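Results of the structural survey
Now for the letters of each chain:
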Amino acid sequence: MPLFDLQRVTQRFGDVAALAETSLSIYPGERVALVGSSGAGKSTLLRLLNGTLLPSQGEVWALGHPLGRLSSRQRRRVQRQIGTIYQQFHLVEPLRVVHNVNAGHLGRWPLWKAVLSLVYPLERDRAIAALHRVGIPEKLDARTENLSGGQQQRVAIARVLVQNPLVILADEPVSSLDPERSRDVMALLRELVVEDGKTLVVSLHTVELARQFCDRIIGLRQGRIVFDAPTAAISDAMLTQLYALEDEG
Amino acid sequence: MPVSELNGQKIWQRRDRPTAIKHWLMWLVGTLIVLWCWQIISDATTWAFVRDSPEQAMQLIARMFPPNVAYAPTLVRPLWDTLNIATLGSIMGVAIALPISFLAATNTTPHPIVRSIALLMIVTSRSINSLIWALLLVAILGPGLLAGVLAIGLRSIGFVGKLFFEAIEEIDREPVEAVTATGASELQVLSYGIVPQVLPTFVGVSVFRWDINIRESTVLGLVGAGGIGVQLSAAVNGLQWGRVCTIFIVIFLMVLFSEWVSAKARKEII
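**Examining the overall build of chain B**
Within chain B one finds 11 helices and two strands. In chain B, the succession of α and β elements from N to C terminus is β-β-α-α-α-α-α-α-α-α-α-α-α. A compact globule built from 270 residues would reach a C-alpha radius of gyration of about 18 Å, whereas chain B, at 28 Å, exceeds it by more than 25%. Considering only C-alpha atoms, chain B reaches an extent of 85 × 70 × 35 Å along its principal axes. Counting over 270 residues, chain B shows a buried share of 38%. Approximately 15,900 Å² of chain B is accessible, and the part contributed by carbon and sulfur atoms is 69%.

**Re the side chain of His 105 of chain A**
Looking at the element boundaries, His 105 of chain A is found in the loop between helix H3 (97–102) and helix H4 (111–119). Excluding residues that lie within four positions of it along the chain, His 105 of chain A makes contacts with Glu 123, Arg 126 and Val 162 of chain A.

**Digging into the environment of Leu 63 of chain A**
Residues and elements named next belong to chain A. Position of Leu 63 relative to the elements: it lies in the loop between strand E4 (57–62) and strand E5 (65–66). Overall, Leu 63 belongs to the buried group, its relative accessible area being 16%. Linking Leu 63 and Gln 241, residues 178 residues apart in sequence, is a C-alpha distance of 33 Å. The residues contacting Leu 63, other than those within four sequence positions of it, are Met 1, Leu 3, Val 78, Gln 81, Ile 82 and Leu 166.

**Some remarks on the packing of helix H5 (residues 124–133) of chain A against helix H6 (residues 149–163) of chain A**
Think of two packed helices as two axes; the pair is described by the angle between the axes and how far apart they sit. All names here are of chain A. With their axes 9 Å apart at the nearest point, H5 and H6 run at an angle of 130° to one another. Judged on the interaxial angle alone, H6 and H5 are oblique. Crossing geometry of H5 relative to H6 is assigned as right-handed. Residue-level inspection shows Arg 126, Ala 130, Leu 131 and Arg 133 of H5 in contact with H6, the latter providing Ala 158, Leu 161 and Val 162. Taken together, the residues that form the contact of H5 with H6 break down as five nonpolar, no polar and two charged.

**A look at the sheet that holds E4 of chain A**
All names here are of chain A. Taken in spatial order, the four strands of this open sheet run E2-E1-E4-E5, and their pairing is antiparallel. Two strands bound the open sheet, and with one partner strand each, they are strand E2 (16–26) and E5. In this structure, strand E1 (residues 4–13) lies alongside E2, joined through seven bridges in antiparallel fashion. Across the sheet, the residue bridging to Gln 11 is Leu 19, located in E2.

**What to know about the domain arrangement of chain B**
Considered domain by domain, chain B is made up of domain 1 (3–62) and domain 2 (71–269). Summarising the inter-unit geometry, the C-alpha centres of domain 1 of chain B and domain 2 of chain B are found 43 Å apart.

**Looking at H6 of chain A**
Helical geometry: 3.6 residues make up each α-helical turn, so side chains three or four residues apart lie on a common side. All names here are of chain A. In this model H6 runs 21 Å from its N-terminal to its C-terminal C-alpha over 15 residues, within 8% of the 21 Å that 1.5 Å per residue would give. Within H6, 13 of the 15 residues are buried, which leaves the element mostly enclosed by the surrounding structure. Backbone geometry just downstream of H6 places Asn 164 in the positive-phi region, at approximately 50°.

**Some details on the sheet that holds strand E8 (residues 199–203) of chain A**
Residue and element names in this part refer to chain A. Pairing is mixed across the open sheet formed by six strands, whose spatial order is E6-E7-E8-E3-E9-E10. Looking at the sheet topology across the chains shown, the edges are occupied by strand E6 (82–85) and strand E10 (224–230). Neighbour to neighbour, the strand axes of the sheet diverge by 15° on average, direction disregarded. By the bridge criterion, five bridges tie strand E7 (residues 167–171) to E8 in an arrangement that is parallel. Note that in E8 the partner of Val 167 across the bridge is Thr 199. Helix-sheet contacts for H6 involve E6 and E7, and the interaxial angle to E6 is about 175°.

**Quick word on the domain arrangement of chain A**
Residue and element names in this part refer to chain A. Taken as a whole, chain A is organised into domain 1 (1–81 + 167–249) and domain 2 (95–164). Of note, the centres of domain 1 and domain 2, computed from C-alpha atoms alone, are 25 Å apart. Contact with domain 1, which involves 15 residues of that partner, is made by 13 residues of domain 2. Summed over both partners, the interface of domain 1 with domain 2 comes to about 1,200 Å²; 57% of that surface belongs to carbon and sulfur atoms. Contact with domain 2 buries surface across domain 1, with Arg 80, Leu 188 and Leu 192 losing the most and accounting together for 43% of the total. One can count two salt bridges joining domain 1 with domain 2. A salt bridge links Asp 196 to Arg 133, with the nearest nitrogen and oxygen atoms 3.4 Å apart. Here domain 1 is connected to domain 2 by seven residue pairs in polar contact (both at pLDDT 80 or more). When residues in the side of domain 1 that touches domain 2 are grouped by element, the largest group, eight residues, is from helix H7 (residues 179–196). Its residues assigned to classes, the side of domain 1 that touches domain 2 comprises seven nonpolar, two polar and six charged.

**Things to note about the interface of chain A and chain B**
Accessible area lost upon the coming together of the parts serves often as the stated size of an interface. Contact with chain A, which involves 27 residues of that partner, is made by 18 residues of chain B. Surface buried jointly by chain A and chain B totals about 1,900 Å² across both partners, of which 65% is contributed by carbon and sulfur atoms. In this structure, the connection of chain A to chain B is made through one salt bridge. The partner of Arg 47 of chain A in a salt bridge is Glu 177 of chain B, and the shortest N-O contact between them spans 3.1 Å. At the boundary of chain A with chain B, the tally comes to four residue pairs in polar contact (both at pLDDT 80 or more). Elements represented by at least two residues in the side of chain A that touches chain B include exactly helix H2 (72–79), E6, H4 and H6 of chain A.

**Some points on the layout of surface pockets**
One number sums up the size of the largest pocket: a volume of about 940 Å³. Surrounding the largest pocket, 25 residues form its lining, Asn 107, Val 176, Thr 180, Glu 186 and Val 189 of chain B being those nearest its centre. Elements with a contribution of two residues or more to the lining of the largest pocket: H2 of chain A together with helix H8 (173–181) and helix H9 (186–217) of chain B. The residue inventory of the lining of the largest pocket, partitioned by class, reads eight nonpolar, 10 polar and seven charged.

Criteria and cut-off values
Residues numbered from 1 in each chain as written. Chains lettered and ligands numbered in written order. Predicted model: local features only at pLDDT ≥ 70, side-chain atom pairs only at ≥ 80, totals over all residues. Heavy atoms only, no water. Helix = DSSP H or I, 4+ residues; strand = E, 2+ residues; numbered from the N terminus. Rg over C-alpha atoms; globule rule 2.2 N^0.38 Å. Buried < 20%, exposed > 50% of the residue type's maximum accessible area, 1.4 Å probe, protein only. Areas by Shrake-Rupley, 256 points an atom, 1.4 Å probe, with all protein chains shown as cover. Contact = heavy atoms within 4.5 Å. Axes fitted to C-alpha atoms, helices over the stretch in contact; angles between N-to-C directions. Parallel < 35°, antiparallel > 145°, perpendicular 65-115°, else oblique. Left-handed = near helix turned anticlockwise from the far one by under 90°. Nonpolar A, V, L, I, M, F, W, Y, C, P; charged D, E, K, R; others polar. Pairing = 2+ DSSP bridges. Domains from an automatic or database assignment. Expected span 1.5 Å × (residues − 1). Buried area = accessible area lost by both parts, 1.4 Å probe. Salt bridge = Lys/Arg side-chain N within 4 Å of Asp/Glu carboxyl O. Polar contact = N/O pair within 3.5 Å; in protein donor to acceptor, adjacent residues only side chain to side chain. 1 Å grid on protein atoms, 1.4 Å probe; cavity = no way out; pocket = protein on both sides within 12 Å on 5 of 7 lines; lining within 4 Å. Points joined across faces, edges and corners; volume = space filled by probe spheres on them.

What follows is the structure in structure tokens.
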């Protein structure tokens, strides 16, 4: 059974179709890269997969459930199993690191526990363990806004570790990092996914990173899938065509 | 710029004739309006009083000195009342403004109709000065501290509520989306994604309003709503200028104290 199944999905923002008539399946254990220029529909696709966006047309199935037909409570139960790491970090900056990491528990925690934890951080040990895996255990009590970009991205990964989902979605996780830091973060992501047997769907700006860290690459252009193939089968010609300018292609 | 021609020679001017006339007329009308207003003000003024006003002011100030120091100890209780009116009123205002602001902010309101009602409450509270609130409440509740506390509280709701809901509307949406994506419920999103972003503003605004309320509560006594204004009103009516001066000094010191406290608190939090 596929983890994700998109059936003729269209997503419009006003008159613009960010994603058009897209069908696609993702299976457990895959490491899928979404590549394409800005505005190709990569972020939209990821937001449809984690249920923060419901499609204008078509249907998104996640973990065997049709996301659009679930009640918000049922949808939240599915969302627990889908962890997302965003571009530009998306952390709550005034909060301490431990709270941002603990936000990964929110799908399971009742409200009282979540609020109590803001006053008196619960499950510190798990937060420390998660931060340890991403290499910054000493930052547990630091204010998130005081961390560097690379460290903040590690906090975002630690949050997903605490959430412990079946699948990790990552939206441009390295777009604001330098090449060295980018490879570090991608290597870390791959390591975590492979060790725990999770599935990874990651959108990337850099094709080299996609080739290096993923086993399947989907090329998007103007909201449509241009190619979808195992990494070994991706040729330079396919990529050149993907990134070719409008009037040329 | 428009150009005219005289004997084949081009003459540059800033404006052509119709525009120039229009400008001249506008200036004429403007000047006439100013003169007319001045006439009205002048007619409504008793110039004899204005002419000897410097002398009157000097006499008043002379009568205020030396301040009546022996009177100061009796001011301790009213001063304490004033502080309590301001503090309790602020707490009440903030407590009520808090839920209203979440109902009024576009990104947290449950429904547009609820939002309109919340906005109406904020505007109503803001449009009435605390002195007017006090006047009404003294008529309803009778004179005393309770009327003062409620007046300050009712006035604060609008001020605090408006600044609160604007802060809520200005938060970053990305962290909220990220928290939502973990499968968090709406109240969890509120407590993890929204409240931490607005909390520093909330605290800053509340302390600022308390600071304002200290000053506002000094005058509430003028209409019988308790606090040091009662003594001030009595002293002015009794022409006891030495006491008035003492009261002014005491109020000044208290305002200085509240400025210091709020500056300190804001520095701690923000």
